[in-house]
Amino acid sequence: MRILKSLVIITLLSSLSLTAQNSKTKKADKQFNQFQFVKAAKSYEKLIENGNGDTYVYTQLADCYYNMFNTADAEKWYAKALESSDNPELVYKYSEMLKANGKYEASNEQMKRFASMRPADMRAIAFKENPDYLPKILEKTEKFNLQNVEFNSPVSDFGGTVNGSNIYFASARNDNRKTYKWNDEPFLDMYAVQKNTDGGYLDAVKLNNDINTKYHEGLAAFSPDGNTMYFTRESYFEKVYEKDSLTRIKYSQLYLFKATKTGADWDTVEALDINSKDYSIKNPSVSQDGKTIYFASNKPGGYGNYDIYKAAINADGSVGAPENLGQKVNTEGQEMFPFISSDQTLYFSSNGHMGLGGLDVFYTKEIDGKIAPVRNIGVPINSNADDFAFTISSDNESGYVSSNRAGGKGSDDIYEFKKLQPLCDVIVIAEVLDDETRLPLQGATVTLVDDQGNRVVSKNTDASGHVEFLVECESTSELEVVMDGYDSKKVTVKTTRDEEENVRISLDPIEKIIVEDKIELAPIYFDFDKSNITAKAAFELDKLVQIMNKYPDLVVKATSHTDYIGSNAYNLRLSDRRAKTTVQYVISKGINASRISGEGKGETEPKIKCGTNCTDEERQTNRRSEFLIVSGGPSSEE
């Protein structure tokens, strides 16, 4: 349920209404303003049955169902309200409900409408930049295995912060608590549960009365030593609230508190100084070094309803001034449930970034003071329902996420996951062109080589000259491109955290490797004191094979040269072995032995005469193989 998992205790007088409240709606409006959405929905429906439906009533009814995450009825009544309204936020909510109900094409149509009405809205800008975002999310390889945990109850359970051997979560399972009228479930308490060595769980235990009160208590975060717990609680506990002068309804804020561990229990609960009677602060998460706390707040000056903030935790335990994480993270929608992992990846839930419906889990990272692009974590973590309260272990391999998706045990359930593949990946899109005509080359073989020199996979370009590979973020790899009749090429690809990396590769006709009386290849490198052909050498020698196949009368002499290190005799023998090995490789590829010969020159013909004073660069220049045209080739056909 939206109110339970978010603990959004705010005035919900509808901002979408175009018709004022009246005496007929008084009862329903009072129930709505008291968060009694079940009763309010029945009252608004009664008004409609009696012929008193209008834009205001349809909108209020839709909002009731929206807040209870009854997506089917919310969709129905937003559609009805929009028959006589053009409110942009109403259009956006309608789009969200369509998406939550799996009606992606219809949702996109409404998003186009919303974007035309609010072109400067960050949600509209993000959609216009990537209108086909849904298939990209849905078609991603699933990177997690997900299962419903056994300690869920028939009511709302969410969270999953690990501290020592305990997993802490919030739950409405305490039947001794007052019923919360928003969803007719008891008020939230905090619980802890332990996991067995066999993967099962012990019975959940409610935390003591220093932590749990008659008000809502929410998610927890812990200091690195595990002895300080930060958690959310309603400000009613501090006797801080505002009372509506007309309805006499009391409205609280959400505050952050911290408790100290004494033995096996928690006590010494105190409110943080950053709390305010004017806004809420919730969903804490503490960095691994214990120096920063992240949280969500609707404090003035943000970008949307709730934004993600961070603040310093000082040496004396006090908390510094909140800092908004900015517009790359925060939108005009809601950003909540931050979790900062051991590798400083920030996970959070949002309904403002492009997702599958409701709240989706997203992630980003701060690199050199800048926020990397925000990414959707994909399925199965995300669904077309609300997915939130994502946490991950210190080894970044397993964790918990909460959701009100279909098939759960209660209104909100906790799911345990294990990571199957690296989370952050980049689509490398390579385009191969003819360098002279600039036309795409179909059928070019492109091989992905990792940073260890392993040939991962080979693919052929399509009719548009394109081929795609999936690689890890912030990695270095190489693309080898081979096409009959063209000079092969290698291109280094360094990925960032951007979702796509576009690489354009132009190939020259194979004849361009012939320069005057030589065939010019990239340096043929051999391992130190070795003469066997390496993978890199083979890549270059295959070009020689290709040009010799194209010109059957071409006869070549291969010469191998060394630097000045070692004796003259040793270098002569080493270079001769390398020359002969080179010749044997070419012959093994089907070239007649009569067409290629080899000779080792040692250090007798240096390109740079630097003797014993050569620099590393000069020595490398002298260590080379050359391929001289003895006869035949393109010039003989002129």
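Structural data are supplied above this passage.
Structural notes, computed from the coordinates. This one's a predicted model, so the numbers in the text were calculated from it and none came from an experiment.

## Re the pairing of strand β9 (residues 228–234)
Most of β9 is tucked away: seven of the seven residues are buried. Alternating residues of β9 divide into T228, Y230, T232 and E234 and M229, F231 and R233, and every residue in both groups is buried. The pairing of strand β8 (residues 217–222) with β9 spans four bridges and is classified as antiparallel. Residue pairing in the sheet places A221 in a bridge with Y230 of β9. In textbook terms, the turn of a hairpin is the stretch between consecutive antiparallel strands, and for β8 and β9 this stretch comprises five residues, one of which, G226, has a positive phi near 75 degrees.

## A look at the nonpolar core
One finds Y44, C64, Y65 and Y78 to be the most contacted residues of the largest nonpolar core, which totals 40 residues. Those elements giving two or more residues to this core turn out to be α2 (26–33), α3 (37–49), α4 (55–67), α5 (71–81), α6 (88–100), α7 (104–117), α8 (122–129) and α9 (133–138). Every residue in contact with C64, bar those within four places of it in the chain, is listed here: F32, F37, A40, A41 and Y44. Within the second largest apolar cluster, 35 residues are counted, among which are F144, Y415, A430 and V491.

## What to know about the environment of K557
Its place among the elements puts K557 in strand β35 (residues 555–561). Overall, the relative accessible area of 26% leaves K557 in the partly exposed class. K557 sits 75 residues away from V482 along the chain, and the two C-alpha atoms are 24 Å apart. Within the structure, the side chain of K557 is placed 2.7 Å from the side chain of E599, a separation counted as a polar contact.

## So, the pattern of salt bridges
On inspection of all chains with the given rule, the structure shows 32 salt bridges. A salt bridge links D278 to K277, with the shortest nitrogen-to-oxygen separation between them at 3.2 Å. The class for D278 is partly exposed, based on a relative accessible area of 48%. In this structure K277 comes out as exposed when scored by relative accessible area, which is 52%. Among the salt bridges present, the one from R455 reaches E480, with a minimum N-O distance of 2.5 Å. One end of the pair, R455, is in strand β28 (residues 455–460); the other, E480, is in strand β30 (residues 476–482), with 25 residues separating them in the sequence. You can call R455 exposed: its relative accessible area is 52%.

## Remarks on the environment of G600
Positionally, G600 belongs in strand β36 (residues 596–602). Residue G600 is classed as buried on the basis of its relative accessible area of 10%. The sequence separation of G600 and T260 amounts to 340 residues, and the corresponding C-alpha distance is 77 Å.

## Describing α6
The end-to-end C-alpha distance of α6, which contains 13 residues, comes to 18 Å, matching closely the 18 Å that a straight helix rising 1.5 Å per residue would cover. For α6, the tally of buried residues reaches 12 of 13 residues, placing the bulk of the element in the interior. P88, L90, V91, Y92, K93, Y94, S95, E96, M97, L98, K99 and A100 are the residues of α6 that are buried. G102 sits one or two positions beyond α6 and adopts a positive phi of about 80 degrees.

## A few points about a positive patch on the surface
A contiguous patch of positive charge on the surface is contributed by K178, K214, K239, K243 and K250. With respect to the element layout, K178 can be found in the loop between β3 (166–171) and β4 (179–180). Of the residues examined, K178 reaches a relative accessible area of 63% and is grouped as exposed.

## A word on helix α10 (residues 535–550)
The terminal C-alpha atoms of α10 lie 23 Å apart, and with 16 residues this matches the ideal 22 Å at 1.5 Å per residue to within 8%. When we look at burial in α10, the residues that qualify are A537, A538, F539, E540, L541, K543, L544, V545, Q546, I547 and M548.

## Some remarks on the sheet that holds strand β1 (residues 144–148)
Sheet strands pair via backbone hydrogen bonds, and the direction of the pair is either parallel or antiparallel. Overall, antiparallel pairing links the four strands, which are arranged β1-β25-β24-β23 in an open sheet. Two strands in the sheet have a free side with no partner beyond their single neighbour: β1 and β23 (387–392). Mean inter-strand twist for the sheet, computed between neighbouring axes without regard to direction, equals 25 degrees. Bridge count for strand β24 (residues 398–403) against strand β25 (residues 413–419) is six bridges, and the pairing is antiparallel.

## Topic: the packing of α3 against α4
Taken N-terminus to C-terminus, the directions of α3 and α4 make an angle of 150 degrees; their axes are 9 Å apart at the nearest point. With respect to their mutual orientation, α3 and α4 come out roughly antiparallel. Crossing handedness for the pair α3 and α4: left-handed. From α3, F37, A40, A41, Y44, E45, L47 and I48 reach across to α4, where they touch Y56, V57, Y58, Q60, L61, C64, Y65 and N67. Among the residues forming the contact of α3 with α4, the class breakdown is 12 nonpolar, two polar and one charged.

About the thresholds
Residues numbered from 1 in each chain as written. Predicted model: local features only at pLDDT ≥ 70, side-chain atom pairs only at ≥ 80, totals over all residues. Heavy atoms only, no water. Buried < 20%, exposed > 50% of the residue type's maximum accessible area, 1.4 Å probe, protein only. Helix = DSSP H or I, 4+ residues; strand = E, 2+ residues; numbered from the N terminus. Pairing = 2+ DSSP bridges. Core = buried A, V, L, I, M, F, W, Y, C linked by side-chain atoms within 4.5 Å. Contact = heavy atoms within 4.5 Å. Polar contact = N/O pair within 3.5 Å; in protein donor to acceptor, adjacent residues only side chain to side chain. Salt bridge = Lys/Arg side-chain N within 4 Å of Asp/Glu carboxyl O. Expected span 1.5 Å × (residues − 1). Patch = residues over 30% accessible without salt bridge, like charges linked within 9 Å, V, L, I, M, F, W, Y side chains within 5 Å. Areas by Shrake-Rupley, 256 points an atom, 1.4 Å probe, with all protein chains shown as cover. Lys, Arg positive; Asp, Glu negative; His and termini not counted. Charge placed at Lys NZ, Arg CZ, Asp CG, Glu CD. Axes fitted to C-alpha atoms, helices over the stretch in contact; angles between N-to-C directions. Parallel < 35°, antiparallel > 145°, perpendicular 65-115°, else oblique. Left-handed = near helix turned anticlockwise from the far one by under 90°. Nonpolar A, V, L, I, M, F, W, Y, C, P; charged D, E, K, R; others polar.

Functional significance is not addressed by these values, which are geometric in nature.
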